There are 2 protein chains.
Amino acid sequence: MHMDSATVMVQGVRDEIAAPVDAREAQRERILAAAMRCFARSGFHKASMQDICADAGMSAGNLYRYFRSKEAIIAAIAEADRVRNAAVFEILERTEDPVRGLACLARAFLRDMHGRDAPALCTEIIAESLRNPEMRAMFERNINEAHAACAAALRRGIERGFVDAGIDVDVTVRLLMALGDGIIAHRPMADFMTDDRVDTALDTLLERFLRPPAAARAATAVKAYTGNADTLPSLQPTPSA
Amino acid sequence: MHMDSATVMVQGVRDEIAAPVDAREAQRERILAAAMRCFARSGFHKASMQDICADAGMSAGNLYRYFRSKEAIIAAIAEADRVRNAAVFEILERTEDPVRGLACLARAFLRDMHGRDAPALCTEIIAESLRNPEMRAMFERNINEAHAACAAALRRGIERGFVDAGIDVDVTVRLLMALGDGIIAHRPMADFMTDDRVDTALDTLLERFLRPPAAARAATAVKAYTGNADTLPSLQPTPSA
DNA sequence: CTGGAGTGAATGAACGTTCACTCTCATGCA
DNA sequence: TGCATGAGAGTGAACGTTCATTCACTCCAG
């Protein structure tokens, strides 16, 4: 935080300090990568600082020059998770039809959460959030951002006739998030949950759950979704980029 | 295990040995209850045996007379969880329409998983299953039982026209389980997720996701679901009970 | 020669587990 | 009845280990 604003303020002499700052940041990220592997392998509390040091190829004393404590490392990981997630949720703002947007987002989310480490880490963060108040505050901030983005998209979709006006938007959004986190946790334990089968089923679920019922759709002037489930959503051109 | 079969074999003289065996079992359950509180509060690895002893009102030495190790306590808790879950999934076998059966099951499941401890414990078990192979084996046995029950119910429902024949049964089942576990984890962090709002949304989701599409339904001779979402499923009379 | 990068042994606390011990009480024997 | 016996319930200090964290130290570039 301090680093970031300092960097901006001295941008004119960036060359003088960029090297050391970047080196420091690179070391921090090396430690974070090692910590994520260890935490995914053993959990926050069973993984020891010695494990992280060994994985990062670094002595304990040196590691403590970059992170004040184990808690600080955990917090940094949760924050990195938040930033990465926030990026994924921007898909919704660039998509006209929120149902297709959610399907696209789900694909991106599930692709991001592949591998051995990501699911274990994600689930560990949630489990820890249910007991550690500081972790919970962090996770809630994360999830409230995502919730706001999804809810706004759904309400926009309702106005434009893409989405059933009868749904309970807040509960629906949280149900979909719960589904996402649940899939992340369950997928590594079921080898038949391949990407394409899950994608197809999720498409069907989203289309049927969120679309206005046929009767209501017929009565609506706005033409709602009529394409097939395999088409990617048509992205709106983004004015700023 | 040994105790159980022994008890059966000497049932004629049960009075002589019933008292000590029951006392032992009562102590074991007292320890398990304490351990569940501690594990829910701090997680499997951060909760210490001293914490559990204090919560159970018992010395460390005595506790080890009832459980060989901390791992053994964790295993016993996971097993108890499995047994309790298996009971809930029997609802499906007593219900003609699996969509209503799943809605009913979801209600029972969410009611069971209330309180402060149950969600934290359930999530902790899943998180631990993603790294500890022994815990994973136990959890997979648990979930495969449930999966089989759900999948059988859905296939039966497809034959009878209650459920869309086009769904991917295995993936759909696992998606619904993921949704359930996700709700358990998310609900404590969102106070608007009240029982009735979640139940209503889940009813809608299940009805729309699983029912045959309107076109297919009209072409089917079997009359599918036509009741409203608030009605409880009509339970079939169970021949054995 | 100064200051940041990096080391690794040392520290005290806390961990899971063990063990020598006491207490209680039903039973066997006088 | 009165007493010795021993098995099971329960205790809590002690064990060796591992933990997160610290610190006196070396190294090296500028």
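A quick note: this is a predicted structure, and the numbers were derived from the prediction, not measured.

Moving on: the packing of aromatic side chains. Remark: the centre distance and the inter-plane angle together describe each pair of aromatic rings, the angle taken between the planes. Summed over all chains, the structure comprises two aromatic pairs over all chains. For the pair Phe39 of chain A and Phe44 of chain A, a centre-to-centre distance of 4.9 Å together with 80° between the ring planes defines the contact as edge-to-face. The buried category is assigned to Phe44 of chain A, whose relative accessible area is 1%. Positioned above the aromatic ring of Tyr66 of chain B, the side-chain terminus of Arg65 of chain B is 5.7 Å from the ring centre.

In this structure's numbering, the residues bearing the UniProt feature "DNA-binding region" (unreviewed entry) are residues 48-67 of chain A. From the first C-alpha to the last, residues 48-67 of chain A spans 14 Å; its make-up is 60% helix and 0% strand.

This part is about the interface of chain B and chain A. Contacts between the two partners involve 51 residues from chain B and, on the opposite side, 51 residues from chain A. Buried surface at the junction of chain B and chain A, both sides included, amounts to about 4,300 Å², of which 70% is carbon and sulfur. As a salt-bridge pair, Asp164 of chain A and Arg208 of chain B come within 2.7 Å of each other at their nearest N and O atoms. Taken together, the links from chain B to chain A amount to twelve residue pairs in polar contact (both at pLDDT 80 or more). Those elements giving two or more residues to the side of chain B that touches chain A turn out to be helix H2 (14-42), helix H7 (117-129), helix H8 (133-159), helix H9 (169-186) and helix H10 (195-210) of chain B.

Once that is clear, we can look at the environment of Glu145 of chain B. All names here are of chain B. Mapping Glu145 onto the fold places it in helix H8. Overall, the relative accessible area of 35% leaves Glu145 in the partly exposed class. Here the alpha-carbon distance between Glu145 and Arg65, two residues 80 residues apart in the chain, equals 32 Å. Discounting residues that sit within four places of it in the chain, Glu145 has contacts with Arg82 and Ala86.

Okay, the relation of the copies chain B and chain A next. The relation between the two chain copies is a rotation about an axis coupled with a shift along that axis. Taken as rigid bodies, chain B and chain A are interconverted by a rotation of 180° and an axial shift of 0.0 Å, the fit giving an RMSD of 0.1 Å. Those values place the two copies in the arrangement expected of a two-fold rotation axis.

Conventions and cut-offs
- Residues numbered from 1 in each chain as written.
- Chains lettered and ligands numbered in written order.
- Predicted model: local features only at pLDDT ≥ 70, side-chain atom pairs only at ≥ 80, totals over all residues.
- Heavy atoms only, no water.
- Phe/Tyr/Trp six-rings, centres within 6.5 Å; stacked < 30°, edge-to-face > 60°.
- Buried < 20%, exposed > 50% of the residue type's maximum accessible area, 1.4 Å probe, protein only.
- Lys NZ or Arg CZ within 6 Å of the ring centre and 35° of its normal.
- UniProt positions renumbered as here; feature names shortened; annotations may be inferred.
- Helix = DSSP H or I, 4+ residues; strand = E, 2+ residues; numbered from the N terminus.
- Contact = heavy atoms within 4.5 Å.
- Buried area = accessible area lost by both parts, 1.4 Å probe.
- Salt bridge = Lys/Arg side-chain N within 4 Å of Asp/Glu carboxyl O.
- Polar contact = N/O pair within 3.5 Å; in protein donor to acceptor, adjacent residues only side chain to side chain.
- Least-squares fit on C-alpha atoms with pLDDT ≥ 70 in both.

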